[in-house]
Amino acid sequence: METLSVDENASNEKIKDAIKAQETPEFYSDAQKYWDNIPATNDGMLGGFAHISKLDVGGSDTFLKLIFKMKNPPGHSRAVDCGAGIGRITKHLLSRHFGKVDIVEQCQNFVDQAKEALKGHKKVGEFYCQGLQDFNPPSDTYDVVWSQWVLGHLTDSHLEDFFRRMGAALKPNGVIVVKENVSSSGEVELDEEDSSVTRPEKLLLQIMDQAGLRVLKNTKQNKMPNGLYEVRMICLRPKSADSSNGTTV
Ligand SMILES: C[S@@+](CC[C@H](N)C(=O)[O-])C[C@H]1O[C@@H](n2cnc3c(N)ncnc32)[C@H](O)[C@@H]1O
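Residues numbered from 1 in each chain as written. Predicted model: local features only at pLDDT ≥ 70, side-chain atom pairs only at ≥ 80, totals over all residues. Heavy atoms only, no water.

Enquirer: Mind showing me how you'd approach the packing of helix H4 (residues 53-68) against helix H5 (residues 88-97) here?
Expert: Think of two packed helices as two axes; the pair is described by the angle between the axes and how far apart they sit. Running from amino to carboxyl end, H4 crosses H5 at an angle of 25°, the nearest separation of the two axes being 10 Å. The orientation of H4 relative to H5 falls into the category roughly parallel. Seen along the crossing, H4 lies across H5 with a hand that is right-handed. Mapping the contact onto sequence places Ser53, Asp56, Val57, Ser60, Asp61, Leu64, Lys65 and Phe68 in H4 and Arg88, His92, Leu93, Leu94 and His97 in H5. Per-class residue counts for the contact of H4 with H5 are 5 nonpolar, 4 polar and 4 charged. (Axes fitted to C-alpha atoms, helices over the stretch in contact; angles between N-to-C directions. Helix = DSSP H or I, 4+ residues; strand = E, 2+ residues; numbered from the N terminus. Parallel < 35°, antiparallel > 145°, perpendicular 65-115°, else oblique. Left-handed = near helix turned anticlockwise from the far one by under 90°. Contact = heavy atoms within 4.5 Å. Nonpolar A, V, L, I, M, F, W, Y, C, P; charged D, E, K, R; others polar.)

Enquirer: How do you make sense of the packing of aromatic side chains when you look at a structure like this?
Expert: One pair of aromatic rings is described through two measures. These are the centre distance and the angle between the planes. Taken as a whole and judged by the stated rule, the model has 6 aromatic pairs. Taken together, a centroid distance of 5.5 Å and an interplanar angle of 50° make the contact between tyrosine 128 and phenylalanine 135 tilted. Residue tyrosine 128 is classed as partly exposed on the basis of its relative accessible area of 29%. What makes phenylalanine 135 buried here is its relative accessible area of 2%. Pairwise contacts between aromatic rings join Tyr34, Trp35 and Phe110 into one cluster. (Phe/Tyr/Trp six-rings, centres within 6.5 Å; stacked < 30°, edge-to-face > 60°. Buried < 20%, exposed > 50% of the residue type's maximum accessible area, 1.4 Å probe, protein only.)

Enquirer: When you look at the nonpolar core in this model, what are you seeing that I'm missing?
Expert: Proteins that are soluble and globular tend to have nonpolar side chains buried together. Of all hydrophobic cores here, the largest spans 34 residues; its most connected members are Leu151, Phe162 and Phe163. Non-local contacts of phenylalanine 162, meaning those with residues more than four positions away in its chain, are made with Cys82, Leu132, Ser147, Leu151 and Leu154. In terms of nonpolar packing, the next biggest core, distinct from the first, is built from 19 residues, Phe63, Leu64, Val144 and Trp146 among them. (Core = buried A, V, L, I, M, F, W, Y, C linked by side-chain atoms within 4.5 Å.)

Enquirer: Before we go on, may I ask you to explain the pattern of salt bridges in this structure?
Expert: Side-chain pairs of opposite charge can arise where the charged atoms are in close proximity. Per the counting criterion, the structure on display carries 11 salt bridges. We note a salt bridge from lysine 239 to aspartate 209, for which the minimum N-O separation is 2.6 Å. You can see lysine 239 sitting in helix H9 (residues 239-245) and its partner aspartate 209 sitting in helix H8 (residues 201-210), a full 30 residues away along the chain. A residue is classified by how much of its surface remains accessible, and lysine 239, at 33% relative accessible area, is partly exposed. A single network of salt bridges, built from pairs that share partners, joins Asp56, Arg88 and Lys179. (Salt bridge = Lys/Arg side-chain N within 4 Å of Asp/Glu carboxyl O.)

Enquirer: Is there a simple way to explain the side chain of aspartate 143 in this structure?
Expert: In this fold, aspartate 143 is placed in strand E4 (residues 142-148). Of the side chains bearing the opposite charge, lysine 171 lies closest to the buried aspartate 143, which forms no salt bridge; the N-O distance is 5.1 Å. Looking at aspartate 143, its side chain comes within polar contact range of the main-chain nitrogen of glycine 75, at 3.4 Å. Once residues lying within four places of it in the same chain are set aside, the contact partners of aspartate 143 are Pro74, Gly75, His76, Ser77, Arg78, Phe98, Leu170, Lys171, Gly174 and Val175. (Lys, Arg positive; Asp, Glu negative; His and termini not counted. Polar contact = N/O pair within 3.5 Å; in protein donor to acceptor, adjacent residues only side chain to side chain.)

Enquirer: Would you mind going over the pairing of strand E3 (residues 124-128) with me for this structure?
Expert: For a regular strand, the rule is simple: side chains alternate between the two faces of the sheet. Pairing geometry for strand E2 (residues 100-104) and E3, over 3 bridges, is parallel. Pairing of valine 104 across the sheet is with tyrosine 128, part of E3. Of the crossover connections in this fold, the one passing from E2 over helix H6 (residues 108-117) to the parallel E3 is right-handed. (Pairing = 2+ DSSP bridges. Right-handed = clockwise from strand over helix to strand, strands pointing away.)

Enquirer: What should I look at first to understand empty space enclosed by the protein in this one?
Expert: Taking a probe equal in size to a water molecule and rolling it over the atoms shows the remaining empty space. Using the criterion set out here, one finds 2 cavities of 30 Å³ or more in the structure. Counted as a void, the largest cavity has a volume near 370 Å³. Take the lining of the largest cavity: its biggest share by element is 3 residues, from helix H2 (residues 26-36). The residue inventory of the lining of the largest cavity, partitioned by class, reads 14 nonpolar, 9 polar and 2 charged. (1 Å grid on protein atoms, 1.4 Å probe; cavity = no way out; pocket = protein on both sides within 12 Å on 5 of 7 lines; lining within 4 Å. Points joined across faces, edges and corners; volume = space filled by probe spheres on them.)

Enquirer: Any chance you could explain unusual backbone geometry here in plain terms?
Expert: Leaving glycine aside, a negative phi is the common case for residues, and trans is the common case for peptide bonds. You will see that aspartate 140, though not glycine, has its phi angle at about 60°, which is positive. Along the chain, aspartate 140 turns up in the loop between E3 and E4. Its identity as a non-glycine residue notwithstanding, tryptophan 149 has a phi of 50°, on the positive side. Considering the arrangement of structural elements, one finds tryptophan 149 in the loop between E4 and helix H7 (156-168).

No statement about biological role is implied by the geometric values presented.
Following this line, the structure appears as structure tokens:
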């Protein structure tokens, strides 16, 4: 599955398949079918690797704390967890740092489970059951937009549009955080099982740049078990924010 597949060098055939697959309407419907049949558990979210959840959240917590120490840091009022699954990251990470956390997730079953798991949690805001390709929050809404282990489900052009919309939805000094697998083959790799792609870091950075985002921090998640994809944590801000408030980081 997308999250934690073994990283093998991609063959030319696989790369061509990855590019073609993203251009078909089934790219989204196949992903939906896949996730509709996955149990609403941490193991389901992490492809059988629930035991790495603590390590993952610890790495993210350290990264987020570094972000808050930057010059012109984001505020702590509102974040959104994109492709949130059952709310694992909201529960263990984002709700500890933000006054309110919204959830966006395409699979109704996972949204229901997240609502149950977070019932009575004062920090939890809105639940949006929709694809990130359609998510379009108002401007000046979020201090942090967090997307993790989901962006391989968007086509390159939808990903660029998503980044643009999220950039426009940030509050002053807001940032977008991306935590994703990257391929080591230097090529896009297709996972036919869950209908996602794993991009090389270079392509991910290129799409971010095309979307008008500037990288403020880019760090590797340490201590991931051997044989899994490298995981990068990348903090971004619209380039336009520099000129509008005269800041650099
Ligand atoms: C690997 S799980 C990760 C869940 C969560 N981010 C975490 O780390 O615990 C991927 C999640 O992305 C969701 N997803 C897949 N395609 C999506 C899309 N186009 N828009 C929003 N969510 C999507 C799946 O339903 C699933 O919950």
